[in-house]
Amino acid sequence: MKNSLPILTVAILSLFLAPSCSKKSSNPAQTCRIVTISDQIGTSTTVYNISYNNSGKISTEQYSQNSTNYSRVFTYIGNTEIMTTSDGTTTITDSITLNGNGMIESDYATDGTNTDVTTYTYSGTELQKSVEVLDGGTPTTSTYTWTNGDLTGASLSGSQSGTYSYNSKASEAGDYWQIVQLVNYGAVFVRTTHQLSGYQAGTTVENVNYTYDNTGKITAVAATTGANVENISYQYNCN
């Protein structure tokens, strides 16, 4: 039901931070947030424009895909986040409940006709299981394994599987997991220690490489699958 960042198309096995900011700055008091994302695949480019509220949480997101303009608005009431996505014709509303660690406990999404309900189970902050039910049908259960604070494996209903590898750098704004969750949820259900460097989901293998500026912030991501390369770049607002 969602319109996802293409880098994630392979995955809820290649799963989907929170809109956090880089702490690597010459000025330790400086806060930097990603405000523009440019995602290019071949000749197609999608630009996401993001704004934040006074609490530093994502508040709006504007983008266009396949000549359709989308507007996404985030509102917060206690431990509930309401995410409303509209293309001017269809509106999808996600009611997202956050647990005590600020991670997604459940996501009820509906366009008024269809529903998609996903619940998440954790050990501490490590996702152990997610269960998705479409239109009241048969639940689809995914389970996850972790190594040294990083998600390293996923299994969907005991059949399809995914494996994940990481570089030695600490997770930060703009890395794979963080940016996909920022764009698609504005909240987190995968929180890793390091930056994803690659994954395999079924027969698909993707390598993820990062470019950094002189303060250590991620400025670009290149995701390579065979001969196909997806290039994602960022602009930050720092204050």
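Check the entry above for the structure.
Residues numbered from 1 in each chain as written. Predicted model: local features only at pLDDT ≥ 70, side-chain atom pairs only at ≥ 80, totals over all residues. Heavy atoms only, no water.

Enquirer: In this structure, what is going on with the nonpolar core? I would like to understand it.
Expert: It is characteristic of soluble globular proteins that their nonpolar side chains tend to be buried jointly. In this structure, I37, I104 and Y234 are the most contacted members of the largest nonpolar core, which totals 46 residues. Here this core takes six residues from helix α1 (residues 176-184), the largest share from any one element. If sequence neighbours within four positions are ignored, I104 has contacts with I96, T97, L98, Y120, Y122, Y185, A187, V188 and F189. (Core = buried A, V, L, I, M, F, W, Y, C linked by side-chain atoms within 4.5 Å. Buried < 20%, exposed > 50% of the residue type's maximum accessible area, 1.4 Å probe, protein only. Helix = DSSP H or I, 4+ residues; strand = E, 2+ residues; numbered from the N terminus. Contact = heavy atoms within 4.5 Å.)

Enquirer: Which parts of the structure should I look at to understand unusual backbone geometry?
Expert: Only a minority of non-glycine residues have a phi that is not negative, and only a minority of peptide bonds are not trans. Non-glycine residue N66 carries a positive phi angle of around 50°. As for its placement among the helices and strands, N66 is situated in the loop between β3 (58-65) and β4 (68-77). In this model, N148 sits at a positive phi of 50°, which is unusual for a non-glycine residue. For N148, the location among the structural elements is in the loop between β10 (140-147) and β11 (150-156). Given the relative accessible area of 69%, N148 is considered exposed.

Enquirer: Help me out: how do you make sense of the pattern of salt bridges in this one?
Expert: A side chain of one charge can pair with a side chain of the opposite charge when the charged atoms of the two come close. The full count for this structure, using the stated rule, is two salt bridges. Linking E61 and R72 is a salt bridge whose minimum nitrogen-to-oxygen distance equals 3.6 Å. Of this pair, E61 sits in strand β3 while R72 is found in strand β4, placing the two residues 11 residues apart along the sequence. Among the residues examined, E61 registers a relative accessible area of 0% and is labelled buried. When its relative accessible area of 1% is taken as the criterion, R72 is described as buried. A salt bridge links D213 to K217; its shortest N-O distance comes to 3.0 Å. Residue D213 is classed as partly exposed on the basis of its relative accessible area of 26%. Classification of K217 as buried rests on a relative accessible area of 9%. (Salt bridge = Lys/Arg side-chain N within 4 Å of Asp/Glu carboxyl O.)

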